[in-house]
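Examining the three-dimensional arrangement
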Amino acid sequence: MGLELYLDLLSQPCRSIYIFARSNNIPFEFKHVELFKDSVLGKKPAAGSGAEQPRAGPSNSEGAGKVSLLKKVPALKDGDFTLAECTAILLYLSRKYNTPDHWYPSDIQKRARVDEYLSWHHANIRANAPKTMWIKVLIPLFTGQPLPSEKLQEVMEGLSTSLKQFEERFLQDKAFIIGSEISLADLVAIVELMQPVGVGCDIFEDRPRLREWRRRVEDAVGKELFFQAHEMILNIKELSNIQIDPQLKEQLAPVLMKMLK
């Protein structure tokens, strides 16, 4: 049995794993897991050209539940071995497939810098960037009414503070977070920051240093792969026209609201 990755490319952590595996030519079977029902998305992602591409077909949600004890994506299955959590999966893949050193350097201090960013990321960038999608698309979709503009402003202010720290503390005047080459830190950061972009909050527009860093990351992994991985999130506003089943609305609306408290 080969490597199986249970992913939904609407998810930032899933995209980081997908891009990492593809850019390093790691062979895997893509197991598409739907974070939302077909009745929400309206359509399945387009079929890919091979086993490593996202493809149409039945969702592997049930299979992911069996693979991950946490019952969430991303999840990895490698023979009898299963693994959850984005960082753990990225590190497992980098070690097993002996990917180029720049991703997770053998140099102890450079590696510590990657670890430092990954630790900081969750309470800062990740704490704010995804909320833009909930506020602008998902919560209005499930509740039938928009949130006050003040809520988005509050989230954008928190994100702006995190981006300032990101530029000044981590990026500084370097090409990438740990120097002249891309690392796992850059990959985890960029997929998170594409969430606001997908809903029309272009956080790169007035930040030239951040914008140039994004361009370098895209070039490092390949623009075609980068935009193919982000196709769903960049078209997520199309969801605003989808009719949601009333029962599904009733179930998910309270959950989404709690996420913003």
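Structure's up top.
Summary of the structure given here. (Residues numbered from 1 in each chain as written. Predicted model: local features only at pLDDT ≥ 70, side-chain atom pairs only at ≥ 80, totals over all residues. Heavy atoms only, no water.)

**As for the overall build of the chain**
Counting its regular elements, the chain contains 13 helices and four strands. For the chain, the residues scored as buried account for 49% of the 261 residues in total. Only carbon and sulfur atoms are counted for the fraction: they give 50% of the accessible area of the chain, which is about 12,800 Å². (Helix = DSSP H or I, 4+ residues; strand = E, 2+ residues; numbered from the N terminus. Buried < 20%, exposed > 50% of the residue type's maximum accessible area, 1.4 Å probe, protein only. Areas by Shrake-Rupley, 256 points an atom, 1.4 Å probe, with all protein chains shown as cover.)

**Points about unusual backbone geometry**
Excluding glycine, most residues fall at negative phi; most peptide bonds, likewise, are trans. Phi is positive for Asn25, which is not a glycine, with a value near 55°. Examined against the element boundaries, Asn25 turns out to sit in the loop between helix H1 (12–23) and strand S2 (29–32). Of note, the phi angle at Gln172 is positive, near 50°, even though the residue is not glycine. Structurally, the position occupied by Gln172 is in the loop between helix H8 (149–171) and helix H9 (184–198). What makes Gln172 partly exposed here is its relative accessible area of 36%.

**Regarding the pairing of strand S4 (residues 81–84)**
As defined by bridge partners, strand S3 (residues 75–78) adjoins S4 across four bridges and the pair is classed as antiparallel. Each bridged residue has a counterpart across the sheet, and for Leu76 the counterpart in S4 is Leu83. Joining the antiparallel neighbours S3 and S4 is a turn of two residues, in which Gly79 adopts a positive phi near 70°. (Pairing = 2+ DSSP bridges.)

**Observations regarding the nonpolar core**
In terms of nonpolar packing, the biggest core is built from 60 residues, with Tyr117, Phe166, Phe204 and Trp213 touching the most fellow members. Looking at which element gives the most residues to this core, the answer is H9, with ten residues. Counting the residues that make up this core, at least three belong to each of domain 1 (3–43 + 58–99) and domain 2 (104–260). With near-sequence residues (within four places) excluded, Phe204 lies in contact with Ile190, Leu193, Met194, Val197, Leu210, Arg211, Trp213 and Arg214. Val137, Leu147, Val155 and Ile236 belong to the second-largest nonpolar core, a separate cluster that totals 14 residues. (Core = buried A, V, L, I, M, F, W, Y, C linked by side-chain atoms within 4.5 Å. Domains from an automatic or database assignment. Contact = heavy atoms within 4.5 Å.)

**Some words on the environment of Ser149**
Position of Ser149 among the secondary structure elements: in helix H8. Note on Ser149: relative accessible area 55%, which makes it exposed. Measuring from C-alpha to C-alpha, the distance between Ser149 and Lys136 comes to 9.5 Å, with 13 residues separating the pair along the chain.

**Re the side chain of Lys77**
Locating Lys77 in the fold gives a position in strand S3. Nearest to the buried, unbridged Lys77 among oppositely charged side chains is Glu4, at 5.0 Å. (Lys, Arg positive; Asp, Glu negative; His and termini not counted. Salt bridge = Lys/Arg side-chain N within 4 Å of Asp/Glu carboxyl O.)

**Structural notes on the packing of aromatic side chains**
What the rule picks out here adds up to ten aromatic pairs. When the centroid spacing of 5.3 Å and the interplanar angle of 80° are considered together, the rings of Phe226 and Phe227 count as edge-to-face. Classification of Phe226 as buried rests on a relative accessible area of 1%. One aromatic cluster is present, built from ring pairs that chain together Tyr117, Trp120, Phe166, Phe170 and Trp213. Arg214 extends its terminal NZ or CZ atom over the ring of Phe204, reaching a point 5.0 Å from the ring centre. (Phe/Tyr/Trp six-rings, centres within 6.5 Å; stacked < 30°, edge-to-face > 60°. Lys NZ or Arg CZ within 6 Å of the ring centre and 35° of its normal.)

**A word on the side chain of Ser162**
Tracing the sequence through the fold places Ser162 in helix H8. Overall, Ser162 belongs to the buried group, its relative accessible area being 3%. When sequence neighbours within four positions are dropped, the list of residues in contact with Ser162 reads Trp120, Asn124, Ile125 and Asn128.

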